[in-house]
Each structure stands twice: as C-alpha cells, then as structure tokens.
Amino acid sequence: MISKAVIPAAGLGTRFLPATKAQPKEMLPIIDTPVIQFVVEEAVRSGIEDVLIITGRGKRAINDHFDRSFELEAYLNQREHHDLLRQIRNISELVELFSVRQKEQRGLGDAIRYAQQHVNNEPFAVLLGDTIVESDNDKPVTQQLMHLYADVRAPIIAVEEVPRDKVSRYGIIAGKEVEKGLYRLDRLVEKPSPEKAPTNLAIAGRYILTAQIFGYLEHTPPGKLGEIQLTDALNTMARHEQVYAWRIAGRRYDIGNRLDYLKTTVEFALRRKDLAEDFRAFLRDVLREPRGRRKTRARSAPRK
Ligand code: G1P
C-alpha cells in the first residue's frame, strides 16, 4: 500500500563543520559507506520502490552517489576489481530515485512540503537521511511502520526512550499506550527542556505520513530555531485526527552529532569481518596503555 519514501537531506550539517562545508553530512561515511546509503537500503528492504530525496545547495554528491559512474566502472573493470565493480553498480540499481531541492533552509517541516507533488495523495514513509536505525528483528523499522499503517490507517511515528537529560535534542511525544508499544498521541513537542518534556519518548527519524500532513504544514508557523517543524504540524494534526507512535525494538544511530557518529563507526567496525580482529586489538592497546606513557612517548619522538 505504501510504495514511496521521502528522505529529507537538506540540512546544513552545522554540527559537523568544517567537514560539511563542501559536502553533505548525509555523505559522511561509516567506514566506507555513506550514511544515506544505509538509509536508502533500509527503504528498499522495507519494500519501497520509489525514493524522493529532498536535497539543497551543495548536495550534488548525494545524486552522484546513486547515479552510474561509467568512468569509475571502466577503470575497475580494466583492473579486474570485480567485487568493487559489482558494489558500485548495485548502488545505482538500488531503487528508482528522484530528487528535489529545498530552496531555503526553513526546517524539516518545510522540506517535507517539497514532497507533496511527488507523493500524489498517497501515504508515504519518511526516513531522515542522517539517522541509521537498526531493528532487533529481521524486519526493518520502516517496514514495521508500514505494516502497522495497514491496521491503523493513520500517521505513525517511530519513537524510542531516551535519557531525560537528552530530551531537548529530539521531538518528544505524549499519548495513551493503546497496545504494547503503540501510542495514540495527544501531544508532540519539538526539543523541550527536560522540565517541560511530557515523556522521554523521542521521535526516532522514521515516520509514515498521510497526504493530510501537507495541509497542516501549510499553516505551521516557524517554531524551534525559527524553523518550520514537522513535529509542530503533527501536534496540530493529533488534535484533529488520529496520530500514532510505535516504540521501536532496535537501535538508532544519530549521525547528526559527533560523539554518536564516532560510537557508530567503532561499533560498525567491530562487526566487520575484514576489520574486527585488528581493530579490536588496536582498541585494547589504546585503552590499556597508561596515558602518561603515551604522552612521554609522543614527546620524546624524534623531531623532524
Ligand atoms: C529531527 C526532528 C526531531 C527528531 C530528530 C531525530 O531533529 O525534528 O523531532 O527527534 O530529527 O533525529 P534534528 O535532528 O533534525 O534536529
């Protein structure tokens, strides 16, 4: 029933400057794979056939990444790098990909508005381009939401519990738990202070939305950070119609902040067959070595 996904990837990535001055944050790699590739792969594994990426200024690398590169293919072919060649081709064959550019940086809510024409009144999935979500079972979180949508026929937002002192980083929801893990929402608030947060259930970067959202977005004034917030539009929506949240069983890797980015890289490296052993040994070494000794050694290194 849901065949389209929208991936907003238009943010300026200020938390990652200077790395994001001339490249999109969604292209930051986890080892050797750009974050947005994980996101597109989740959409594909969920059964999505058509992906619209909302890009902006300086985001051309995203389109290039999912496009064919004949020059690179010829080069790899000539040197008989068959595995790499297959990988590179697979990326461009993943899915039918479209893109539209957000003209001004006016927030996530505004970015979603650019999808209106493309989704053409159908319900659609939204996957934030800077967040990797891994499910605890073999069904990707987007697919879980799609299946729930078939039951409730209303927007559904993936949420997860976060520590109280982190609520101000996220959209926070409040509602009634109608079934285990499923909430009917009465309030959503974008990045509240810990004192004002109604719960510690945070919006996790995956949504199923219906075309009704566009009407609410149109009338949503700028909110937090002076931006048009999707959370605010969903809050108004929840006052007029049913909106649900689903507490995910899984892990969210927020690539939008530096420490989580680092942790993600380390975790993913420790899972890679080609790296895990050496990398684990290296980490053990680094952690075991007393700090003082490392300093001394650095200081006594011969000068060039
Ligand atoms: C956005 C949403 C927020 C959500 C978060 C998840 O915030 O506005 O509601 O909790 O993504 O990563 P951003 O990270 O763009 O500031």
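In case you missed it, the structure is sitting above this.
All of the points below concern the structure found in this document. (Residues numbered from 1 in each chain as written. Predicted model: local features only at pLDDT ≥ 70, side-chain atom pairs only at ≥ 80, totals over all residues. Heavy atoms only, no water.)

Further remarks concern helix 7 (residues 141–152). In this model helix 7 runs 16 Å from its N-terminal to its C-terminal C-alpha over 12 residues, within 8% of the 16 Å that 1.5 Å per residue would give. Counting buried positions over the 12 residues of helix 7 gives 9, a clear majority of the element. For helix 7, every residue scored as buried is listed here: Val 141, Thr 142, Gln 143, Gln 144, Leu 145, Met 146, Leu 148, Tyr 149 and Val 152. In the stretch just after helix 7, Arg 153 is the one whose phi turns positive, near 50 degrees. (Helix = DSSP H or I, 4+ residues; strand = E, 2+ residues; numbered from the N terminus. Expected span 1.5 Å × (residues − 1). Buried < 20%, exposed > 50% of the residue type's maximum accessible area, 1.4 Å probe, protein only.)

As a further point, take the packing of helix 10 (residues 258–271) against helix 11 (residues 276–288). Contact geometry of helix 10 with helix 11 gives a least axis separation of 7 Å together with a crossing angle of 130 degrees. With respect to helix 11, the element helix 10 is oriented oblique. Counted together, Val 266, Ala 269 and Leu 270 of helix 10 and Ala 276, Phe 279, Arg 280 and Leu 283 of helix 11 form the full contact between these two elements. (Axes fitted to C-alpha atoms, helices over the stretch in contact; angles between N-to-C directions. Parallel < 35°, antiparallel > 145°, perpendicular 65-115°, else oblique. Contact = heavy atoms within 4.5 Å.)

On to the site of the ligand. Residues in close proximity to the ligand include Arg 15, Leu 108, Leu 128, Thr 131, Tyr 170, Gly 171, Glu 190, Lys 191, Ile 203, Gln 229, Thr 231 and Arg 252, which together make up its full environment. Measuring from an oxygen atom of the ligand, one finds a backbone N or O atom of Gly 171 at 3.0 Å. One nitrogen or oxygen atom from the side chain of Glu 190 is found 2.7 Å from an oxygen atom belonging to the ligand. For the ligand, whose accessible area on its own is 380 Å², the fraction buried by protein is 87%. Of all the cavities here, the one that holds the ligand is the largest pocket. (Near = heavy atom within 4 Å. Polar contact = N/O pair within 3.5 Å; in protein donor to acceptor, adjacent residues only side chain to side chain. Areas by Shrake-Rupley, 256 points an atom, 1.4 Å probe, with all protein chains shown as cover. 1 Å grid on protein atoms, 1.4 Å probe; cavity = no way out; pocket = protein on both sides within 12 Å on 5 of 7 lines; lining within 4 Å. Sits in = over half its atoms within 2 Å of the grid points.)

Our next topic: the nonpolar core. Buried together is how nonpolar side chains tend to be arranged in soluble globular proteins. Ranked by internal contacts, the top residues of the largest apolar core, which has 33 residues, are Ile 7, Ile 36, Ile 48, Val 51 and Ile 53. For this core, the element with the most residues is helix 7, which contributes 6 residues. In this view, Ile 53 contacts Ile 7, Ala 9, Ile 36, Ile 62, Phe 66, Leu 97, Phe 98, Ser 99 and Val 100; residues no more than four positions away in its chain are not counted. (Core = buried A, V, L, I, M, F, W, Y, C linked by side-chain atoms within 4.5 Å.)

Once that is clear, we can look at the packing of helix 3 (residues 70–78) against helix 4 (residues 82–93). It is at 8 Å that the axes of helix 3 and helix 4 come closest, and there the two elements cross at 160 degrees. One finds that helix 3 runs roughly antiparallel with respect to helix 4. The handedness of the crossing between helix 3 and helix 4 is left-handed. Mapping the contact onto sequence places Leu 72, Glu 73, Leu 76 and Asn 77 in helix 3 and His 82, Leu 84, Leu 85, Ile 88 and Arg 89 in helix 4. (Left-handed = near helix turned anticlockwise from the far one by under 90°.)

It is worth spelling out the pairing of strand 6 (residues 124–127) at this point. Both faces of strand 6 are covered, namely the face carrying Phe 124 and Val 126 and the face carrying Ala 125 and Leu 127. When strand 1 (residues 4–8) meets strand 6, the two strands line up parallel, connected through 2 bridges. Bridge assignment links Ala 5 to a residue of strand 6, and that residue is Ala 125. Bridging between strand 6 and strand 11 (residues 201–209) involves 4 bridges; their strand directions are antiparallel. Across the sheet, the residue bridging to Phe 124 is Leu 209, located in strand 11. (Pairing = 2+ DSSP bridges.)

Let's shift gears to the packing of aromatic side chains. In this structure the tally under the stated criterion is 5 aromatic pairs. For the pair Phe 38 and Phe 268, a centre-to-centre distance of 5.6 Å together with 80 degrees between the ring planes defines the contact as edge-to-face. Here the residue Phe 38 occupies a position in helix 1 (residues 35–45), and Phe 268 occupies one in helix 10, the gap between them amounting to 230 residues. Ring geometry for Phe 124 versus Phe 214: centroids 5.7 Å apart, planes at 10 degrees, classification stacked. With a gap of 90 residues between them, Phe 124 in strand 6 and Phe 214 in helix 8 (residues 213–218) connect regions that are remote in the sequence. With respect to class, Phe 124 is no different from Phe 214; both count as buried. The ring of Phe 268 has Arg 271 lying over it, and the distance from NZ or CZ to the ring centre is 4.5 Å. (Phe/Tyr/Trp six-rings, centres within 6.5 Å; stacked < 30°, edge-to-face > 60°. Lys NZ or Arg CZ within 6 Å of the ring centre and 35° of its normal.)

Turning our eyes to something else, we now look at the layout of surface pockets. In this model, the largest pocket occupies a volume close to 940 Å³. Arg 15, Lys 25, Asp 130, Lys 191 and Glu 227 are, among the 37 residues lining the largest pocket, the residues nearest its centre. The leading source of residues in the lining of the largest pocket is strand 11, at 4 residues. Of the residues in the lining of the largest pocket, the class split is 13 nonpolar, 14 polar and 10 charged. In this model, the second largest pocket occupies a volume close to 330 Å³. Sorting the residues of the lining of the second largest pocket by element identifies strand 8 (156–161), strand 13 (250–254) and helix 10 as the ones contributing at least two each. Its residues assigned to classes, the lining of the second largest pocket comprises 5 nonpolar, 2 polar and 9 charged. (Points joined across faces, edges and corners; volume = space filled by probe spheres on them. Nonpolar A, V, L, I, M, F, W, Y, C, P; charged D, E, K, R; others polar.)

All quantities given are derived from atomic positions and should not be read as evidence of function.
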